[in-house]
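# Notes for the structure review
Here's the letter readout for the chains.
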Amino acid sequence: MFSSLKVRNYRLFFAGQVVSNIGTWMQRIAQDWLVLSLTGSATAVGVTTALQFLPMLLFGLYGGVLVDRLNKRRALLVTQSAMALTGIALALLTLSGHVLVWHVYLAAFFVGLATVVDNPARQSFVSEMVGPDQLQNAVSLNSANFQSARLVGPAVAGLMITGVGTGWAFLFNGLSFVAPIVGLLLMRGRDLHAVRRAPRGKGQLREGLHYVAGRPDLTWTIILVGFIGTFGFNFPVYLSAFADDVFHAGAGSYSLFNTLMAVGSLAGALLAARRGTAKLRVMLAAAVAFGGLELVAATAPSLWLFSLLMVPIGMFGMTVNVTANTTVQMGTDPAMRGRVMALYMMVFMGGSPIGAPIAGWITDTYGVRAGLAVGGAIAAAAAVVIGLVLARVGNLRLSVGWYGGHPRVRFVPREEREELAAAA
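Calculation criteria
Residues numbered from 1 in each chain as written. Predicted model: local features only at pLDDT ≥ 70, side-chain atom pairs only at ≥ 80, totals over all residues. Heavy atoms only, no water. Salt bridge = Lys/Arg side-chain N within 4 Å of Asp/Glu carboxyl O. Helix = DSSP H or I, 4+ residues; strand = E, 2+ residues; numbered from the N terminus. Core = buried A, V, L, I, M, F, W, Y, C linked by side-chain atoms within 4.5 Å. Buried < 20%, exposed > 50% of the residue type's maximum accessible area, 1.4 Å probe, protein only. Contact = heavy atoms within 4.5 Å. Axes fitted to C-alpha atoms, helices over the stretch in contact; angles between N-to-C directions. Parallel < 35°, antiparallel > 145°, perpendicular 65-115°, else oblique. Left-handed = near helix turned anticlockwise from the far one by under 90°. Nonpolar A, V, L, I, M, F, W, Y, C, P; charged D, E, K, R; others polar. Phe/Tyr/Trp six-rings, centres within 6.5 Å; stacked < 30°, edge-to-face > 60°. Lys NZ or Arg CZ within 6 Å of the ring centre and 35° of its normal. Lys, Arg positive; Asp, Glu negative; His and termini not counted. Polar contact = N/O pair within 3.5 Å; in protein donor to acceptor, adjacent residues only side chain to side chain.

### Topic: the pattern of salt bridges
A pair can form between side chains of opposite charge whenever their charged atoms are brought close. For the structure shown, the criterion picks out six salt bridges. Residue Glu-128 is joined to Lys-72 by a salt bridge in which the shortest nitrogen-to-oxygen separation is 3.0 Å. Taken as a pair, Glu-128 in helix α4 (residues 101-130) and Lys-72 in helix α3 (residues 72-95) lie far apart in primary sequence, 56 residues in all. A salt bridge links Arg-122 to Asp-118; its shortest N-O distance comes to 2.7 Å. Taken together, the positions of Arg-122 and Asp-118, both in helix α4 and four residues apart, correspond to about one turn of that helix.

What follows is the structure, given as structure tokens:
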């Protein structure tokens with residue numbers, strides 16, 4: 001489960017990300033709660049989320065082209081430093097009592113600009129640290145790292161917001177970037193796996209898109225991630241509104257929801273690390289379960305039932321994310337990985353500028369229960385439809401029968417299905 005941590009460079013990267021991810025989650029909670037406090041509007045929270053992910057939607061593919069050309073380690077030093085300065089600036093505004101909602105909007109947008117290069121660089125740099133043999137494990141542990149921080153960050157943020165104010169959470173986030181920057185500086189360059197960089201030239205963006213278009217396994221995986229990210233992962237909008245409007249609780253309940261979801265997400269990431277292989281049927285089944293559980297949570301009558309449902313929602317959501325990420329990375333030529341991962345992250349994160357305002361509008365107009373139900377229904381329906389499309393592309397058919405005295409439903413090649421029918 002933890003085999004990639006034997007690699008020294010990856011250990012340094014992993015340790016730095018633990019600290020930085022805690023700060024990132026603290027800022028997310030503090031940012032959403034600050035906007036809700038300043039405006040009283042779920043739509044404003046959605047706008048903040050949209051602004052943070054809008055640069056990825058607009059410039060994500062160009063970020064991937066840059067990453068394929070650049071030294072990824074140096075690129076990460078620049079992007080991590082930029083995000084540190086943004087967090088510190090927002091902290092100073094908040095602590096001085098001069099913060100306005102447009103300041104938060106601007107900070108979210110600047111973080112999004114840095115993310116355009118930071119995300120594909122971090123994703124593709126993993127393979128340079130650990131090599132192809134440990135890639136699946138390292139990708140899963142990265143997700144486990146992020147979700148472990150999600151257990152700590154929201155809890156600390158909730159205590160800090162209620163105790164000393166949101167500004168200190170922003171300050172911690174800004175200072176937390178020191179850890180990954182030091183980790184990157186301490187890495188041994190000679191231990192990195194050499195990857196051929198793409199030379200500067202015309203048509204590289206178009207080349208990356210053609211590459212993905214010719215691979216149905218990559219294309220439909222990215223499309224599914226787009227639907228899940230756009231409509232199913234608008235939790236900053238949903239959870240803050242459930243805590244404030246439905247259950248009339250405070251920031252502590254909002255942090256509780258995020259923490260319990262992180263417990264499930266961590267379990268999903270560790271199970272993915274242990275499986276060792278990424279299977280499309282696991283991703284599709286998890287996506288259906290994720291959407292279905294969101295529908296159930298939308299009707300939850302009590303705070304405690306809603307809270308408990310966050311655990312399996314987090315687990316299945318993370319299973320979709322890790323499996324899709326690993327499928328795309330391991331199935332992509334290393335020279336194309338920056339562009340393909342930029343497209344993946346653009347679709348996954350860039351969908352928020354579309355989905356978050358829609359979710360906020362539905363929440364403000366029809367109630368947060370309706371918003372969560374719509375998001376879950378779209379996620380589940382997309383998984384079913386894409387599963388059928390992939391089955392058709394792969395020349396598969398649905399097989400329903402008995403195996404070991406139990407019912408079994410699976411996709412089989414058409415030839416195997418015909419043989420089973422003939423035998424019956």
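From this point on, the discussion continues.
### As for the nonpolar core
Buried together is how nonpolar side chains tend to be arranged in soluble globular proteins. One finds Leu-224, Leu-239, Phe-257, Phe-306, Met-310, Ile-313 and Tyr-344 to be the most contacted residues of the largest nonpolar core, which totals 77 residues. Examining the composition of this core, we find that nine residues originate from one element, helix α1 (residues 8-39), more than from any other. When residues no more than four places from it in sequence are discounted, the contact partners of Phe-257 are Leu-239, Phe-242, Ala-243, Phe-247, Leu-303, Phe-306, Ser-307 and Met-310.

### Brief notes about the environment of Val-104
With respect to the element layout, Val-104 can be found in helix α4. For the pair formed by Val-104 and Val-35, sequence separation is 69 residues and the distance between their alpha carbons is 7.5 Å. Among all residues touching Val-104, those that are not within four sequence positions of it are Gln-31, Leu-34, Val-35, Thr-48, Leu-90 and Val-99.

### Some thoughts on the packing of α1 against α4
At a minimum axis separation of 13 Å, α1 and α4 run at an interaxial angle of 160 degrees. The pairing of α1 with α4 is recorded here as roughly antiparallel in orientation. For the pair α1 and α4, the sense of crossing is left-handed. The segment α1 lies against α4, with Asn-9, Tyr-10, Phe-13, Gln-17, Gln-31, Leu-34, Val-35, Leu-38 and Thr-39 engaging Val-101, Val-104, Ala-108, Arg-122, Met-129 and Val-130. Here the residues of the contact of α1 with α4 sort into ten nonpolar, four polar and one charged.

### Describing the packing of aromatic side chains
Tallied over the full model, the rule gives 13 aromatic pairs. Measuring from ring centre to ring centre gives 5.1 Å for Phe-233 and Phe-290, while their planes differ by 20 degrees; the resulting arrangement is stacked. With a gap of 57 residues between them, Phe-233 in the loop between α9 (216-232) and α10 (235-246) and Phe-290 in helix α12 (residues 280-298) connect regions that are remote in the sequence. The class for Phe-233 is partly exposed, based on a relative accessible area of 24%. Its relative accessible area of 0% is what places Phe-290 among the buried residues. Connected via pairs of aromatic rings, a cluster forms that spans Tyr-10, Phe-13, Phe-14 and Phe-125. A cation over a ring is seen here: Arg-28 above Trp-25, with NZ or CZ 4.7 Å from the ring centre.

### Remarks on the environment of Phe-231
Along the chain, Phe-231 turns up in helix α9. In this structure Phe-231 comes out as partly exposed when scored by relative accessible area, which is 22%. Taking the C-alpha atoms as reference points, Phe-231 and Val-374, 143 residues apart in sequence, are found 7.9 Å from one another. Beyond its immediate stretch of four places on either side in the chain, Phe-231 contacts Tyr-238, Gly-375 and Ile-378.

### Points about the side chain of Arg-73
By the element assignment, Arg-73 lies in helix α3. Buried within the structure, Arg-73 lacks any salt-bridge partner; Glu-128 is the closest side chain of opposite charge, at an N-O distance of 9.0 Å. Side-chain polar atoms of Arg-73 contact the backbone oxygen of Met-187, separated by 2.8 Å. The residues contacting Arg-73, other than those within four sequence positions of it, are Phe-125, Leu-184, Leu-185, Met-187 and Gly-189.

### Points about the packing of α1 against α3
Packed helices, taken two at a time, are described by their axes: the angle between them and the distance between them. Their axes nearest at 12 Å, the elements α1 and α3 cross at an angle of 40 degrees. Taken together, the axis directions place α1 and α3 in an arrangement best described as oblique. Crossing handedness for the pair α1 and α3: left-handed. Contacts between α1 and α3 involve Gln-17, Ser-20, Gln-27 and Leu-34 from the former and Gln-80, Gly-87, Leu-90 and Thr-94 from the latter. Residues of the contact of α1 with α3, tallied by class, amount to two nonpolar, six polar and no charged.

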